[in-house]
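# Coordinate analysis (summary)
Chain by chain, the residues:
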Amino acid sequence: MSRRTLLCASTPRASCLDLWREKNDRLVRRAKELVPQECSLRRQQLTQDILEGLSGLLHSLQGLPAAVSVLPLELTVTCNFIILRASLTQGFTEDQAQDIQQALERVLETQEPLVPRLEQGLRELWDSVLHASSLLPELLPALHLLAGLQAALWLSTDHLGDLALLLQALNGSQNRASEDLLLLLKTWSPPAEESDAPLILQDAWGLRDVLLTASAFHQGLQELITGSLPKALSSLHEAASGLCSRPVLVQVYTALGNCLRKMGNPQRALLYLIAALKEGSALGLPLLEASRLYRQLGNTTAELESLELLFEALSVTHKSEAPHILIEVELLLPQPGPASPLHCGTQSQVKHLLASRCLQMGRAEEAAEHYLDLLALLLDVSEPRFSPPPCPPGPCMPEVFLEAAVALIKAGRAQDALTVCEELLSRTSSLLPKMSWLWEDVRKGTKELPHCPLWVSAAHLLQGQAWVQLRAQKEAVGEFSHCLELLFRAVPEDKDQGGASNCEQGCSSDVALQHLRAAALISRGLEWVASGQDTKALQDFLLSVQVCPGHRDASFHLLQTLRNLNRRDEANAVWWKLKTQTQVPQEEATWSLPLYLETYLSWIHPPDCETLLEEFQTSLTESC
């Protein structure tokens, strides 16, 4: 026990309390005098010194038996300690929960010190303490502040059910049945502090306003994610009118822009995004939302410009402002996940979005440059041999290589595409099993292996197309044949096992495998046609229809080849099937193919399909 504690134990309680209170007030004044612009290291050290002083004071107070006369000061010091610690660490931890629990247990000790108590959780402790505090009105101001800190902890950790029950208990009988956090917080009326009460870093009313803003924002984001747009709009407006720092206001305005865009009000959405851009230097979120808005409006130029500005904004490191010694809204908001409208992503994810949008919009040269920049950015931090990471919200590394190769081919840079494919093959070929693989066996290995055969096969497919562009038919046919050899060694997955990969979102391995086989067969068949070898082409087109039933492009190429070979009966049968397919949606129409494969399939789509059908129908009529 310290010398001061021994002194206090031997002196009248009033003088001891005065010493402890003076120390608390002195430490609180020092904390409030800290200048936010001061050197961050010095400021952090000063804050740490004050925190240690509060910790020592709290240790002294808790070293004595709990007493009603001392508890108001003890609870106040506990609250100051929790506020300062949360501010210093920029968040709540399990330590703060233990501090609150110990404070509650000390309150209960004054009521039933000799009765053994069962171990209780925080929720049960709060019920017991608030029941006991009705007999001890002098504890209410400090208990309400402590309850506000408990509410902040539960809000930041998403324990909203416990938070609602606590607020109901604080409000007494009013709104007992309500679970609306905003209503409960508005109803909560903390008792006023006495004029001679110990100093506190943040009063219960100020904390209540912070909780109200953070809760409104949290609720608005959840409603936005679940699609309850009118409710989200109301909650976000509530948040915008609360205690928002400039960084938080940027987030709120961006969320409002997202909500209004989804509600079909792009002009109002744009006004909020402009307001967000004016609020601070963190431009990433409003720029990303602006790109979504322009995409919805069909303004491709503005969309791509927004993404380019976003990429530049993410490359700038902004000096964060020193936090105030208070519980602020920022501390109570969770980090946005991929599903959140406030998830901005990384530089590489934004660069990929920019590259893929250019590819989708037919801006091949721009797409190729963006993909090369992206590969340089990713390979800067990659291992020489890498395992593809889980991919949401973007594709795996191998798919980035494949998309880059597609963009380069589309831009007429076949030699660069060959280089990109070679790089991918050098990184992934070693992951393939040496024996003939079953998907079930491969799936027992590492997470990336189930799709490795697709990536390697696709790389050979794209190399074949690059050789086509370079007018090297022998090399092109060789690559298509190698691709097919790999693809036909793979056995489709068992549908009962599921198998949609993270990397090929919305597309099962089986569907991608079928389309890759069809693409390789059609591509090789087209090379046979170009060299006048229609019989060989016919074999490939027939097989492509078999491996991917219902693939219209394969059927069109087959029809054209049968017609060239004057095999009318077989051509007639294919024509009838095609006529039937025009009335029935394709089975895989709901699947979203990977971008590299979707783009490739557009290259082998036969021109003037409807004209071919009409011409064939006319020839059938004439022959009759």
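Description of the structure in this document. (Residues numbered from 1 in each chain as written. Predicted model: local features only at pLDDT ≥ 70, side-chain atom pairs only at ≥ 80, totals over all residues. Heavy atoms only, no water.)

What follows deals with the overall build of the protein chain. Per the secondary structure count, the protein chain includes 28 helices and zero strands. Relative to its 624 residues, the protein chain shows a buried fraction of 50%. Put simply, 67% of the contacts in the protein chain that link residues at least 6 apart link residues at least 24 apart. Carbon together with sulfur atoms contributes 53% to the accessible area of the protein chain, which is approximately 29,700 Å² in total. (Helix = DSSP H or I, 4+ residues; strand = E, 2+ residues; numbered from the N terminus. Buried < 20%, exposed > 50% of the residue type's maximum accessible area, 1.4 Å probe, protein only. Contact = heavy atoms within 4.5 Å. Areas by Shrake-Rupley, 256 points an atom, 1.4 Å probe, with all protein chains shown as cover.)

Here we take up the packing of aromatic side chains. This structure, assessed with the given rule, holds two aromatic pairs. Summarising the aromatic geometry, the rings of tyrosine 253 and tyrosine 272 are spaced 5.7 Å apart at their centres and angled 50 degrees between planes, so their arrangement reads as tilted. On the criterion of sequence distance, the pair formed by tyrosine 253 in helix 12 (residues 246-262) and tyrosine 272 in helix 13 (residues 266-279) is long-range, its members being 19 residues apart. Owing to a relative accessible area of 16%, tyrosine 253 belongs among the buried residues under this scheme. Arranged with centres 5.5 Å apart and planes meeting at 50 degrees, the rings of tyrosine 600 and tryptophan 603 form a pair that is tilted. Taken together, the positions of tyrosine 600 and tryptophan 603, both in helix 27 (residues 595-603) and three residues apart, correspond to about one turn of that helix. Classification of tryptophan 603 by relative accessible area gives partly exposed; the value is 26%. The ring of phenylalanine 311 has lysine 351 lying over it, and the distance from NZ or CZ to the ring centre is 4.3 Å. For lysine 536, the ring lying beneath its charged end belongs to tryptophan 528, and the centroid distance is 4.6 Å. (Phe/Tyr/Trp six-rings, centres within 6.5 Å; stacked < 30°, edge-to-face > 60°. Lys NZ or Arg CZ within 6 Å of the ring centre and 35° of its normal.)

Here helix 12 spans 24 Å end to end across 17 residues, near enough to the 24 Å set by a 1.5 Å rise per residue. Counting buried positions along helix 12 yields 13 of 17 residues, so the element is predominantly enclosed. (Expected span 1.5 Å × (residues − 1).)

Here the focus is the pattern of salt bridges. Counted according to the given criterion, the structure contains 17 salt bridges. Notably, a salt bridge pairs arginine 567 with glutamate 570, separated by 2.8 Å at the nearest N-O pair. (Salt bridge = Lys/Arg side-chain N within 4 Å of Asp/Glu carboxyl O.)

A few words now on the packing of helix 23 (residues 509-530) against helix 24 (residues 534-547). What describes two packed helices is the angle between their axes and the distance between those same axes. With their axes 8 Å apart at the nearest point, helix 23 and helix 24 run at an angle of 165 degrees to one another. Relative to helix 24, the element helix 23 lies roughly antiparallel. Classified by chirality, the crossing of helix 24 by helix 23 is left-handed. Contacts from Gln514, Arg517, Ala518, Leu521, Ile522, Arg524, Gly525, Leu526, Trp528 and Val529 of helix 23 reach helix 24 at Asp534, Lys536, Ala537, Asp540, Phe541, Leu543, Ser544 and Val547. Of the residues assigned to the contact of helix 23 with helix 24, the class counts are 10 nonpolar, three polar and five charged. (Axes fitted to C-alpha atoms, helices over the stretch in contact; angles between N-to-C directions. Parallel < 35°, antiparallel > 145°, perpendicular 65-115°, else oblique. Left-handed = near helix turned anticlockwise from the far one by under 90°. Nonpolar A, V, L, I, M, F, W, Y, C, P; charged D, E, K, R; others polar.)

Before going further, it helps to spend a moment on the packing of helix 6 (residues 122-133) against helix 7 (residues 140-156). One way to put it is that helix 6 packs onto helix 7 with a least axis distance of 12 Å and a crossing angle of 160 degrees. By the angle class used here, helix 6 and helix 7 are roughly antiparallel. Helix 6 and helix 7 meet at a crossing whose hand is left-handed. Contacts from Leu122, Arg123, Trp126, Val129 and Ser133 in helix 6 reach Leu140, Leu143, Leu146, Ala147, Gln150 and Trp154 in helix 7.

A contiguous patch of negative charge on the surface is contributed by Glu193, Glu194, Asp196 and Asp203. In this structure, aspartate 203 sits in the loop between helix 9 (181-187) and helix 10 (204-226). Overall, aspartate 203 belongs to the partly exposed group, its relative accessible area being 40%. (Patch = residues over 30% accessible without salt bridge, like charges linked within 9 Å, V, L, I, M, F, W, Y side chains within 5 Å. Lys, Arg positive; Asp, Glu negative; His and termini not counted. Charge placed at Lys NZ, Arg CZ, Asp CG, Glu CD.)

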